[in-house]
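Examination of the molecular architecture
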Amino acid sequence: MKALFPIALLLAAPLAAAGPGESLSEAPPPRISTLVVYGEDPCPRSKDDEIIVCARQPESDRYRIPKQLRKHKKSDEPAVSWTERTRTLDMVSQKGLPNSCSPHGTGGQTGCMRQFLEAARREREAMKAGQ
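This write-up is about the structure you can find in this document. Numbers given for residues are sequential positions, taken from 1 along each chain in its written order. Where local features are concerned, this predicted model is filtered to residues with pLDDT of at least 70; where side-chain atom pairs are given and counted, the filter is 80 or more; whole-chain, interface and lining totals use all residues. As a rule here, side-chain values cover all heavy atoms of the structure and leave hydrogens and water aside.

Brief notes about the overall build of the protein chain
- In this description a helix means any DSSP run of H or I spanning at least four residues, a strand means any run of E spanning at least two, and both kinds are numbered starting from the N terminus. Secondary structure summary: the protein chain contains 4 helices and 2 strands in total.
- Across the protein chain, helices and strands are ordered from the amino to the carboxyl terminus as α-β-β-α-α-α.
- Burial status across the protein chain gives 9% buried among its 131 residues.
- The contact criterion used throughout is that any non-hydrogen atoms of two residues lie within 4.5 Å. Sequence separation of 24 or more characterises 1% of the internal contacts of the protein chain that already satisfy a separation of 6 or more.
- Here the Shrake-Rupley method, with its probe set to 1.4 Å, supplies the accessible areas, and only the displayed protein chains count as covering residues. For the protein chain, the accessible surface area stands at approximately 12,100 Å², while carbon and sulfur atoms represent 61% of it. Buried, partly exposed and exposed residues are distinguished by accessible area as a fraction of the type maximum, computed with a 1.4 Å probe on protein chains only: under 20%, between the cut-offs, and over 50%, respectively.

Section: the side chain of Ser33
- Position of Ser33 relative to the elements: it lies in strand S1 (residues 31-38).
- Aside from chain neighbours lying at most four places away, what touches Ser33 is Glu50, Ile51, Ile52 and Val53.

Some details on a nonpolar patch on the surface
- Residues qualify for a patch when their relative accessible area is over 30% and they have no salt bridge, like charges being joined within 9 Å and the nonpolar side chains of Val, Leu, Ile, Met, Phe, Trp and Tyr within 5 Å. Basic side-chain nitrogens of Lys or Arg form a salt bridge, by our definition, when they fall within 4 Å of a carboxyl oxygen of Asp or Glu. A surface patch of nonpolar side chains, amounting to about 260 Å² of accessible area, comprises Ile32, Ile51 and Val53.
- Along the chain, Ile32 falls in strand S1.
- Residue classification places Ile32 among the exposed positions, given a relative accessible area of 59%.

Here's the deal with the side chain of Asp61
- Of note, Asp61 is situated in the loop between strand S2 (50-57) and helix H2 (67-70).
- When charges are counted, neither His nor the chain ends are considered; positive counts come from Lys and Arg and negative counts from Asp and Glu. Buried and without a salt bridge, Asp61 has Arg64 as its closest oppositely charged side chain, separated by 4.1 Å.
- If sequence neighbours within four positions are ignored, Asp61 has contacts with Tyr38, Lys67 and Arg70.

Comments concerning the pattern of salt bridges
- All chains considered together, the criterion is met by 6 salt bridges.
- We note a salt bridge from Glu84 to Arg87, for which the minimum N-O separation is 3.7 Å. With Glu84 and Arg87 both in helix H3 (residues 82-93) and 3 residues apart, this pair spans about one turn of that helix.
- When its relative accessible area of 52% is taken as the criterion, Arg87 is described as exposed.

Side note on the state of the cysteines
- Throughout, a disulfide means two cysteine sulfur atoms within 2.5 Å of one another. One pass over the structure, following the stated rule, counts 1 disulfide.
- Covalent S-S linkage joins Cys43 and Cys54, the inter-sulfur distance amounting to 1.6 Å. In this structure, the disulfide formed by Cys43 and Cys54 twists by about 70° around the S-S bond and is classed as right-handed. With Cys43 in the loop between S1 and S2 and Cys54 in strand S2, this pair connects stretches of sequence that are 11 residues apart.

Let's talk about a positive patch on the surface
- Together, Arg64, Lys67, Arg70 and Lys71 make up a positively charged patch on the protein surface.
- Along the chain, Lys67 turns up in helix H2. Each charge is placed at NZ for Lys, CZ for Arg, CG for Asp and CD for Glu.

Brief notes about the environment of Ala27
- The topology assignment puts Ala27 in the loop between helix H1 (4-17) and S1.
- Residue Ala27 is classed as exposed on the basis of its relative accessible area of 65%.
- The spatial distance from the C-alpha of Ala27 to the C-alpha of Asp49 is 9.7 Å, given a sequence separation of 22 residues.

Regarding the environment of Val36
- Within the fold, Val36 resides in strand S1.
- Along the primary structure Val36 and Arg56 are separated by 20 residues, whereas in three dimensions their C-alpha atoms are 5.8 Å apart.
- Setting aside chain neighbours within four positions, we find Val36 in contact with Ala55 and Gln57.

Below, the structure is given as structure tokens:
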């Protein structure tokens with residue numbers, strides 16, 4: 001008797017999952033496809049288990065950017081010159097370049113040694129000027 005109870009629960013689980021008022025023999029709802037056709041192109045025929053809704057647009061819009069994407073304003077400011085943009089990009093990417101004294105990139109360590117040597121040279125010059 002104890003062994004029959006888990007088996008009964010397993011058999012009743014699909015019926016409980018179907019929910020109230022639903023049966024397992026119901027077919028799934030039909031698939032709905034929405035298409036845009038241009039000019040005189042025919043709308044594709046639907047099958048038994050599918051509903052096709054066609055929106056017709058003029059032939060002149062076939063290769064255009066959709067209207068909802070045409071009105072976006074540019075995010076960059078046209079007042080910034082290319083020279084200033086180049087300077088900004090050079091400054092940002094300077095971290096990974098040689099002689100940059102940065103842990104990022106392959107040539108960053110050379111800059112640390114150069115900065116150390118320049119600081120030592122300035123210190124020596126300052127000591128000579130102070131004598």
